[in-house]
Amino acid sequence: MTERVIELEAIDPVDIYGVNNRIIDRLSYFFPKLKIAARGSQIFLKGSVTDMKKFEDKLNALIEIRGRKRRLNEDDVNTLFEEQGADSTRLVADDDGEIIVYGTEGKIIRARTKNQRLLVESYSKSDLLFALGPAGTGKTYTAIALAVRALKNKEVKKLILTRPAVEAGERLGFLPGDMREKLDPYLQPLYDALKDMIPARRLIELMEEGIIQIAPLAFMRGRTLEGAFVILDEAQNTTMGQLKMFLTRMGNSSKFIVTGDATQIDLPKKSDSGLLRGVEMIGNLKGVSVINFEKCDIVRHPLVTQIVDAFEKSKED
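The residue numbers shown here count from 1 along each chain, following its written sequence. Under the rules for a predicted model, residues below a pLDDT of 70 receive no local features and side-chain atom pairs below 80 are neither given nor counted, while totals for whole chains, interfaces and linings still include all residues. Excluded from the side-chain calculations are hydrogens and water; all other atoms, namely the structure's heavy atoms, are used.

A.B. asks: So what's going on with the overall build of the chain? Residues and values would help.
C.D. replies: Tallying secondary structure elements over the chain gives 12 helices and 11 strands in all. The burial tally for the chain puts 49% of its 317 residues in the buried class. Between two residues, a contact is recorded if the distance between any of their heavy atoms is within 4.5 Å. Restricting to contacts in the chain with at least 6 residues of sequence separation, those with at least 24 account for 70%. Shrake-Rupley sampling with a 1.4 Å probe provides the accessible areas, and residues are treated as covered by the protein chains on show and by no other component. Total accessible area on the chain is roughly 16900 Å²; 49% of this is exposed by carbon and sulfur atoms. To qualify as a helix, a DSSP run of H or I must reach at least 4 residues; to qualify as a strand, a run of E must reach at least 2; elements of each kind are numbered from the N terminus. Classification of residues uses two cut-offs on accessible area relative to the type maximum, computed with a 1.4 Å probe and protein chains only: under 20% is buried, over 50% is exposed, and between them is partly exposed.

Structure, rendered in structure tokens:
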């Protein structure tokens, strides 16, 4: 007998359990050999690994359904078990790609493009990944989704997101306000992604506990990051020295993902960027993967692809 705890971090448990636990009880009915107890945001399982995996698949399917409708009912559970063959898997996966994690209010975060899928696949075999490419390709968003999944599955102890505050020259002491006010403008895109994946109250708790940390690159110096999932965003704005400093923070049982777009360097001298030179130096090392995102991976407004094309043509002229 194996025991496991599932944490409902991305949705209100009441939405899944139903009134008087009707929904979760109905789901439990289909797993007579599995001991299931729902308490707060946690579901305790005891039984075979196979049964627990099947239960989690159906639970995830229910969460996906909840993301599409206002309220679940017992018929939603029945439908999960009435459908057979290929149709029965339709609720947990589809042609849009692999589900990475379930976000707030049942939002589904999945790998939607070829290179997003490649990033997800490379995660399992490499401890250091570089995700390079133009704006709008989902590099950072996919990386953060992988980090949230790793934290949820207890693969790592903490999640650290960082990016260089280039506009401030990393001299944050000259900016007005307390440290949080100084950093927010530079780190807001990271907060936005996290808020899609972790309920606001839970996110605040995790940050207060130091389990999730968001900081400028300058704050990484001198640290050894063990058992951590660390993402360096906007790495095209790091010098070779800064990139080396960051990469050598890696401790045991850690995962590092570096994202960047070499066409959007904000350093005073573009030649100071160390990203592409760093990738050239260590990209072929064992345990390192490099994923080059392309225009076909752009998942923002359709105009973004045309904008990227226009700027590239202008640069060529």
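A.B. asks: So what about the sheet that holds strand S10 (residues 255–260)? Which residues, and what values?
C.D. replies: Two strands qualify as a pair provided DSSP detects at least 2 bridges between them. As summarised here, the arrangement of the 6 strands in space is S8-S7-S9-S10-S6-S11, forming an open sheet in which the pairing is parallel. The outermost strands of the open sheet, each flanked by one partner alone, are strand S8 (212–216) and strand S11 (288–292). Taking the axes of each pair of neighbouring strands and ignoring which way they run, one obtains an average angle of 15 degrees across the sheet. Where strand S9 (residues 228–232) and S10 come together, 4 bridges link them in parallel fashion. The partner of Leu-232 across the bridge, within S10, is Val-258. Orientation is described by axes fitted as lines to C-alpha atoms, over the contacting stretch for helices, and by angles from 0 to 180 degrees between their N-to-C directions. Relative to the sheet, helix H11 (residues 275–282) contacts strand S6 (128–132), S10 and S11, its axis offset from that of S6 by approximately 135 degrees.

A.B. asks: Tell me about the pattern of salt bridges, and name the residues and values.
C.D. replies: What counts as a salt bridge is simple: a side-chain nitrogen of Lys or Arg found within 4 Å of a carboxyl oxygen of Asp or Glu. Tallied over the full model, the rule gives 9 salt bridges. Between Lys-255 and Asp-127 there is a salt bridge whose closest N-O contact spans 3.4 Å. Separated by 128 residues along the polypeptide, Lys-255 in strand S10 and Asp-127 in the loop between helix H6 (114–123) and S6 bring together distant segments of the chain. Among the residues examined, Asp-127 registers a relative accessible area of 40% and is labelled partly exposed.

A.B. asks: Before we move on, can you summarise the packing of H6 against helix H7 (residues 139–152) with the specific residues and values?
C.D. replies: The N-to-C vectors of H6 and H7 enclose an angle of 35 degrees; their axes lie 10 Å apart at closest approach. Handedness of the H6/H7 crossing: right-handed. Along its contact with H6, which presents Gln-116, Leu-119, Val-120 and Tyr-123, the element H7 presents Lys-139, Thr-142, Ala-143, Leu-146, Arg-149 and Ala-150. Under the convention adopted here, Pro, Cys and the residues Ala, Val, Leu, Ile, Met, Phe, Trp and Tyr are nonpolar, Asp, Glu, Lys and Arg are charged, and Gly plus all remaining residues are polar. Across the contact of H6 with H7, the residue classes break down as 6 nonpolar, 2 polar and 2 charged. In this scheme the handedness of a crossing depends on how the near helix is turned from the far one: anticlockwise by less than a right angle means left-handed, clockwise means right-handed.

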